[in-house]
Amino acid sequence: MGEGSVSRLRSEIEALKKKRNAVILAHNYQVPEVQDVADFVGDSLELAKKALEVDADVIVFAGVRFMAETAAILNPDKTVLHPDPTAGCPLADFLSADDVRRAREEHPNTPLVLYINSGTEAKALADYIVTSSSASKLVSKLSTDKVLFGPDKNLAGYVAEVTGKEVIPVPRHGHCPVHEYLIDEVHLELAKSEHPGATVLVHPEVRAEVRRMADFVGSTSQMLRAVGTLQGKEFILGTEEGLSYRARVLYPDKKVYPLNPKAVCVNMKKITLLKIVDSLNRMKPKVVVEPALASRVREVLEESLKIIR
Ligand code: 13P
Ligand code: SF4
């Protein structure tokens, strides 16, 4: 898209934001022009907290569906717009509500911790809801030595390693295709040979073998903060490529490279300026979550947020 049309769309968005009393919340993986137009850009935990704080009638959520649903669940009185409702998360799709019920039957009296990257119906059956930045902290605070954790087997393994507890993945094989297949040992070695001496940071959704080759493991925003605070000038980010743009904006004096520039989450990239304009114009598509389900998930989310505070 040409620079002229980007600035025209930006002006339209600014005018529509005023007219609708709207804010735009965007995830760290969004395309640069969407990050640039957002009022706040962050990881899943920061976005959930921000959604609770914003003083606006309308939230436009630039991210995938479970994130927009979280914002709607936490804000029953606000209108939440998701500019492309087909932007889902294949990791979240690994876990159905029936899988959760079955796991609960097989492991009675074992708390069920769900990654926020899961569907609303599954979340309503969880005891706790966590994000990549809060998972280990919350599990370490529970009094039990064993938990069920879904749907990401890699994050489950990381939580087990950090907390020393038994973490049973539900289902056994849940994963994010971007982090499982596009950020592997070969990509990591290649990036290191291209940028010798760079610090390697990875997301806990990568496989354990890749995680163990890295210097730092954390959520997208934890990686960003590490770029800002760690010694060294060069950083390789082992996650979706969009995070590198964010890191360069925040730390222009550092050199940041995506571990694999082809590690793209196509769902995150479905949100465009044009779709944001369209959704603010038509006040559609609205995120609607069945009220009883929303109220149960809100309870679990709020309780989980209290534990990690
Ligand atoms: P963060 O909460 O770390 O931003 O992760 C969200 C996500 O979808 C990672 O793939
Ligand atoms: Fe889901 Fe993976 Fe995309 Fe994150 S990067 S939203 S986990 S598919």
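Up top is the structure these notes are about.
Since the structure is predicted, the reported quantities are computational estimates derived from the model, not experimental observations.

**Let's talk about the pairing of strand E7 (residues 146–150)**
Turning to step 1, where the next piece is worked out: In terms of residue burial, E7 counts as a mostly covered element, since 4 of its 5 residues are buried.
Turning to step 2, where the next piece is worked out: Pairing analysis gives 3 bridges linking strand E5 (residues 112–115) to E7, with the strands arranged parallel. In the sheet register, Leu112 faces E7, and the bridge partner there is Leu148.
Turning to step 3, where the next piece is worked out: Examined bridge by bridge, E7 and strand E8 (residues 166–169) share 4 bridges and lie parallel to one another. Across the sheet, residue Leu148 finds its bridge partner in E8, namely Ile168.
Turning to step 4, where the next piece is worked out: Between E7 and its parallel partner E8, the chain crosses via helix H8 (residues 153–163), and the hand of that crossover is right-handed.

**Here's the deal with a positive patch on the surface**
Turning to step 1, where the next piece is worked out: The grouping of Lys49, Lys137, Lys141 and Arg309 at the surface amounts to a positive patch.
Turning to step 2, where the next piece is worked out: Residue placement: Lys49 occurs in helix H3 (residues 44–53).
Turning to step 3, where the next piece is worked out: The partly exposed category is assigned to Lys49, whose relative accessible area is 39%.

**A look at the sheet that holds strand E10 (residues 216–217)**
Turning to step 1, where the next piece is worked out: If you walk across this open sheet you meet the 4 strands as E10-E9-E11-E12, and the pairing is parallel. Pairing within the sheet leaves two strands with one partner each, and these edge strands are E10 and strand E12 (255–258).
Turning to step 2, where the next piece is worked out: Each of strand E11 (234–238) and E12 touches helix H13 (residues 242–250); the most contacted strand, E12, lies at about 170° to it.

**A short note on the site of ligand 1**
Turning to step 1, where the next piece is worked out: Near ligand 1, the surroundings consist of His27, Tyr29, Asp43, Ser44, Asn117, Ser132, His179, His203, Glu205, Ser219 and Thr220.
Turning to step 2, where the next piece is worked out: Glu205 places a polar side-chain atom, nitrogen or oxygen, 3.0 Å from an oxygen atom of ligand 1.
Turning to step 3, where the next piece is worked out: Of the residues in the shell around ligand 1, the class split is 1 nonpolar, 8 polar and 2 charged.

**Structural notes on the pairing of E11**
Turning to step 1, where the next piece is worked out: By the criterion of burial, E11 is predominantly enclosed, with 4 of the 5 residues buried.
Turning to step 2, where the next piece is worked out: In this sheet, E11 lies alongside strand E9 (residues 199–202) in parallel orientation, the contact comprising 4 bridges. Looking at E11, one finds that Val200 is bridged to Ile236.
Turning to step 3, where the next piece is worked out: Bridging between E11 and E12 involves 4 bridges; their strand directions are parallel. Its bridge partner being in E12, Leu237 is matched across the sheet by Pro258.
Turning to step 4, where the next piece is worked out: Handedness of the crossover is the feature at issue here: the chain leaves E11, passes through H13, returns alongside E12, and the resulting connection is right-handed.

Thresholds applied
Residues numbered from 1 in each chain as written. Chains lettered and ligands numbered in written order. Predicted model: local features only at pLDDT ≥ 70, side-chain atom pairs only at ≥ 80, totals over all residues. Heavy atoms only, no water. Buried < 20%, exposed > 50% of the residue type's maximum accessible area, 1.4 Å probe, protein only. Helix = DSSP H or I, 4+ residues; strand = E, 2+ residues; numbered from the N terminus. Pairing = 2+ DSSP bridges. Right-handed = clockwise from strand over helix to strand, strands pointing away. Patch = residues over 30% accessible without salt bridge, like charges linked within 9 Å, V, L, I, M, F, W, Y side chains within 5 Å. Areas by Shrake-Rupley, 256 points an atom, 1.4 Å probe, with all protein chains shown as cover. Salt bridge = Lys/Arg side-chain N within 4 Å of Asp/Glu carboxyl O. Lys, Arg positive; Asp, Glu negative; His and termini not counted. Charge placed at Lys NZ, Arg CZ, Asp CG, Glu CD. Contact = heavy atoms within 4.5 Å. Axes fitted to C-alpha atoms, helices over the stretch in contact; angles between N-to-C directions. Near = heavy atom within 4 Å. Polar contact = N/O pair within 3.5 Å; in protein donor to acceptor, adjacent residues only side chain to side chain. Nonpolar A, V, L, I, M, F, W, Y, C, P; charged D, E, K, R; others polar.

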